[in-house]
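Here is how the chains run, residue by residue.
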Amino acid sequence: MGRDLDDIDRSILYLLQKNARNSTAQEMSETVGVSASTVRNRIAQLEADGIIKGYHPEIDYEAANLPLKVTFVVTVPPTEIGEYSERIRKTKGVIDIREMITGRRNLYVDVVATNSPELTQITDTIHQLGVEIESSELVRRRRVQPFNHFFLQGTEETSAHDDGDDLPDLE
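Before going further, it helps to examine the overall build of the protein. Within the protein, the secondary structure is distributed over five helices and six strands. For the protein, the α and β elements follow one another from N to C terminus as α-α-α-β-α-β-β-α-β-β-β. Out of the 171 residues in the protein, the part that is buried amounts to 36%. Roughly 10,800 Å² of accessible area belongs to the protein as shown, and the carbon and sulfur atoms make up 48% of that amount.

Following this line, the structure appears as structure tokens:
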């Protein structure tokens, strides 16, 4: 099980979720009210504890000439979900897989493609793995925001109160 986070940890996570790429330890320290070295040490500990797993770019797939974003809802044998997830993940065009805890529709697979023939090829490749695609949903836009349990200590600022204008839409 994970460890308990204090207000400083939650504040740092909140700020990193809002804008990790352009947030310096010094800027975060001024906002959180601790030294920059404390921020750096806390981030290192959050990484060591596996709470922060990485820093990933937000890609505008449409601008990268991958205008088709589709979520496939897939059914695999529940006892083999990890194995199928890994196999599907290796398919060209797959960008995200979510494993569900219960239910028949137990894998949600996000893919990107340049055109319909490429999307058909991805679909065929997934089918060849012996799984059933229950449905496919064309994605218009994905919006993310910081988890509302992480907040800036000593303020009322949380993502629940944020208007979201400074958060990017993931296309």
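Okay, the confidence of the model for the protein next. For the protein, per-residue confidence averages 87 on the pLDDT scale, and 85% of positions sit at 70 or higher. Within the protein, no element has a lower average pLDDT than strand 6 (residues 169-170), which sits at 45, and none a higher one than helix 3 (residues 36-48), at 97. When the criterion is pLDDT under 50, residues 158-171 qualifies, and its contacts beyond four places in sequence or with other chains add up to 33 contacts.

Let's shift gears to the packing of aromatic side chains. Under the counting rule described, the total for this entry stands at zero aromatic pairs. Directly above the aromatic system of tyrosine 84 lies the positively charged group of arginine 87, at a separation of 4.9 Å from the ring centroid.

As a further point, take the nonpolar core. One finds Phe72, Val74, Ile88, Leu107, Val109, Val111 and Ile126 to be the most contacted residues of the largest nonpolar core, which totals 18 residues. Counting only elements with at least two residues in this core, the list comes to strand 1 (68-75), helix 4 (81-89), strand 2 (94-99), strand 3 (107-113) and helix 5 (116-128). Broken down by element, the residue count for this core peaks at four residues, all from strand 3. With residues near it in sequence (within four places) discarded, valine 74 still touches Ile88, Arg104, Arg105, Asn106, Leu107, Val109, Val131, Glu132, Ile133 and Glu134. Counting residues in hydrophobic clusters, the runner-up holds 16 residues, among them Val34, Ala36, Val39 and Leu46.

With respect to the secondary-structure elements, threonine 114 resides in the loop between strand 3 and helix 5. Spatially, the C-alpha atom of threonine 114 lies 6.1 Å from that of leucine 68, the residues being 46 residues apart in sequence. Once you skip the residues sitting within four places of it in the chain, threonine 114 turns out to touch Asn65, Leu66, Pro67 and Leu68. Within polar-contact distance, the side chain of threonine 114 engages the side chain of asparagine 115 at 3.4 Å.

This brings us to helix 5. If you check helix 5, its first and last C-alpha atoms are 18 Å apart, about what 13 residues at 1.5 Å a residue would give, namely 18 Å. Of all the residues in helix 5, the buried ones are Leu119, Ile122, Thr123 and Ile126. Across the axial projection of helix 5, the buried residues extend over an arc of 100 degrees, all falling on one side. For helix 5, the exposed residues set more than 90 degrees away from the buried face come down to Pro117, Gln121 and Gln128.

Reading guide: rules and limits
- Residues numbered from 1 in each chain as written.
- Predicted model: local features only at pLDDT ≥ 70, side-chain atom pairs only at ≥ 80, totals over all residues.
- Heavy atoms only, no water.
- Helix = DSSP H or I, 4+ residues; strand = E, 2+ residues; numbered from the N terminus.
- Buried < 20%, exposed > 50% of the residue type's maximum accessible area, 1.4 Å probe, protein only.
- Areas by Shrake-Rupley, 256 points an atom, 1.4 Å probe, with all protein chains shown as cover.
- pLDDT = per-residue confidence, 0-100.
- Contact = heavy atoms within 4.5 Å.
- Phe/Tyr/Trp six-rings, centres within 6.5 Å; stacked < 30°, edge-to-face > 60°.
- Lys NZ or Arg CZ within 6 Å of the ring centre and 35° of its normal.
- Core = buried A, V, L, I, M, F, W, Y, C linked by side-chain atoms within 4.5 Å.
- Polar contact = N/O pair within 3.5 Å; in protein donor to acceptor, adjacent residues only side chain to side chain.
- Expected span 1.5 Å × (residues − 1).
- Arc of directions from axis to C-beta.

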